[in-house]
Amino acid sequence: METEKTEKEDAAPQPYVASYNFIASGGDQLSFSSGDALLVHAKPSSVWWWAELRGVTGYVPASYLCQSGDAEGDDISTEDPWQDEEYFGSYGTLRLHLEMLSDKSRTETYRRAVVSNSVSLTNKVVMDLGCGTGVISLFCAQLARPSLVYAVEASSMAEYTRQLVKQNGCEEVVTVLQGRGEEVELPEKVDLLVSEWMGNCLVFEFMVESVLSARDRWLREGGVMWPSSAVLVLVPCQAHDYFAEKMAFWECPYGLDFTPLQPLAQQEFFTKPKFSHVIEPSDCLADPCDVICLNMYTLQIKDLEEITGQFHFPVETSGTFHGFTAWFAVYFESLEVGGATVELNTGPHSEPTHWKQTLFMLDKPVSLNVGDCVTGIIVLRRNPVWRRHMSVTLDWNIISDADKCQAKRDKDLPDVEV
Ligand SMILES: N=C(N)NC/C=C/[C@H]1O[C@@H](n2cnc3c(N)ncnc32)[C@H](O)[C@@H]1O
């Protein structure tokens, strides 16, 4: 979010329609219901806008709104909901490819999957969806003997990928196709669909939709998906450093009492996820849990609209519950029955990756004690308009030892003689 000091634009307010209900959690937020017509006066950030509903103004989550058309019921947003121009434009430069290629854990894991299955890859037809610089396709061509690899890349990087394929002597095996995976025409079905599609919180960017579309169009019956499955992992955690940096800071900077700014700090820093967070194993207050599991053979595109997971964390370490941290793991099943599965884990107990982890801060920290349980649900809700975006909702509560004892008494259970 840009600085809160961004002046509210003087432009005429823009009409939007609420796609979801929103219940304000801070003094300057505006509650609304799905279907409400709001007027957006300013967009100080991409996440929170300043809007008006029936004469009342306040901050609203941009991802809950969709643009209402000019004509009555003519709800056609002129902007591209996939933001393809910006998205593929960013992959036409080296910055993101350098970041991904520099991630040894990520890139070596794909190489390990190829090497572990090199014999089974012999004479297979492979599709590498979103191949970028083509590194995975080159691994296949150099470390195994597939008959063909279709390297599909939508961005302008594809022109360079062709050069890299030639430069590395793989042009006999690797064919680079420039275009979107959803649209390219392959001459045949494939035995293996490999892609590196994972984003923050596993699905952010929603490139996974393109993988499922390509699967449905091009993976032959009995073909293999790499990754074959994926899990979103969650853990209740402490985050003392982040809390100190963004909230405690206002207690007495330079000996002054700036605590009236703390509600603003909570609003600005703790109401959206912190990507690229690095959690230490010692910050985990419970055993991490796989809260969402995706099977890449059965997952359907429509399932991506709303993905829900439940959790129940018995507290293992007493401490301050500042928030939840999320990360993901993906699995590459062996091409041979009974062969070893290869895993890429982006959590704190594995080699670091460029994804790091994602931290969701609570509005206010809570003390947790061994014996307590943090239970609840996580909901990943895809944005109905901006199709590469989503909101993450965490509903939770704490069942303390006392509550459990109370519950036991309430149930008139026979007291255990001790
Ligand atoms: N976020 C992670 N992990 N990887 C991003 C990986 C993105 C790469 O895949 C390409 N890509 C993404 N979606 C498609 C598609 N539908 N068709 C063809 N190429 C595509 C992008 O242009 C990047 O080069």
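Keep in mind the model is a prediction, meaning the values are calculated, not measured.

## Some details on the nonpolar core
By size, the foremost hydrophobic cluster in this structure holds 85 residues, and its most contacted members are Met127 and Leu202. Not counting chain neighbours up to four residues away, the residues in contact with leucine 202 comprise Trp197, Ala230, Val231, Leu232, Leu294, Phe328 and Val330. Grouped together as the second largest cluster of nonpolar side chains are 19 residues, Tyr20, Phe32, Ala51 and Tyr64 included.

## Some thoughts on the site of the ligand
In the neighbourhood of the ligand, 22 residues make up the surrounding shell, with Glu153, Gly181, Glu182, Glu196 and Met198 lying closest. One of the backbone nitrogen or oxygen atoms of glycine 130 is found 3.3 Å away from an oxygen atom of the ligand. With respect to the ligand, the backbone of glycine 181 contributes an N or O atom lying 2.8 Å from a nitrogen atom. Relative to its unbound accessible surface of 530 Å², the ligand loses 98% to contact with the protein.

## Remarks on the sheet that holds strand β18 (residues 373-382)
Within a beta sheet, neighbouring strands are joined by backbone hydrogen bonds and run either parallel or antiparallel to one another. Reading across from one edge, β14-β18-β19 is the order of the three strands in this open sheet, with antiparallel pairing throughout. Edge strands, defined here as strands with exactly one partner in the open sheet, are β14 (306-314) and β19 (390-399). Mean inter-strand twist for the sheet, computed between neighbouring axes without regard to direction, equals 15 degrees. When β18 meets β19, the two strands line up antiparallel, connected through ten bridges. Opposite threonine 375, over in β19, you have asparagine 397 as the bridge partner.

## Considering the sheet that holds strand β4 (residues 56-61)
In spatial order, the strands read β4-β3-β2-β1-β5; together these five strands make up an open sheet with antiparallel pairing. A single partner strand is all that each edge strand has here, and the edge strands are β4 and β5 (65-67). When the angles between neighbouring strand axes are averaged without regard to direction, this sheet yields 45 degrees.

How each quantity is defined
Residues numbered from 1 in each chain as written. Predicted model: local features only at pLDDT ≥ 70, side-chain atom pairs only at ≥ 80, totals over all residues. Heavy atoms only, no water. Core = buried A, V, L, I, M, F, W, Y, C linked by side-chain atoms within 4.5 Å. Buried < 20%, exposed > 50% of the residue type's maximum accessible area, 1.4 Å probe, protein only. Contact = heavy atoms within 4.5 Å. Near = heavy atom within 4 Å. Polar contact = N/O pair within 3.5 Å; in protein donor to acceptor, adjacent residues only side chain to side chain. Areas by Shrake-Rupley, 256 points an atom, 1.4 Å probe, with all protein chains shown as cover. Pairing = 2+ DSSP bridges. Helix = DSSP H or I, 4+ residues; strand = E, 2+ residues; numbered from the N terminus. Axes fitted to C-alpha atoms, helices over the stretch in contact; angles between N-to-C directions.

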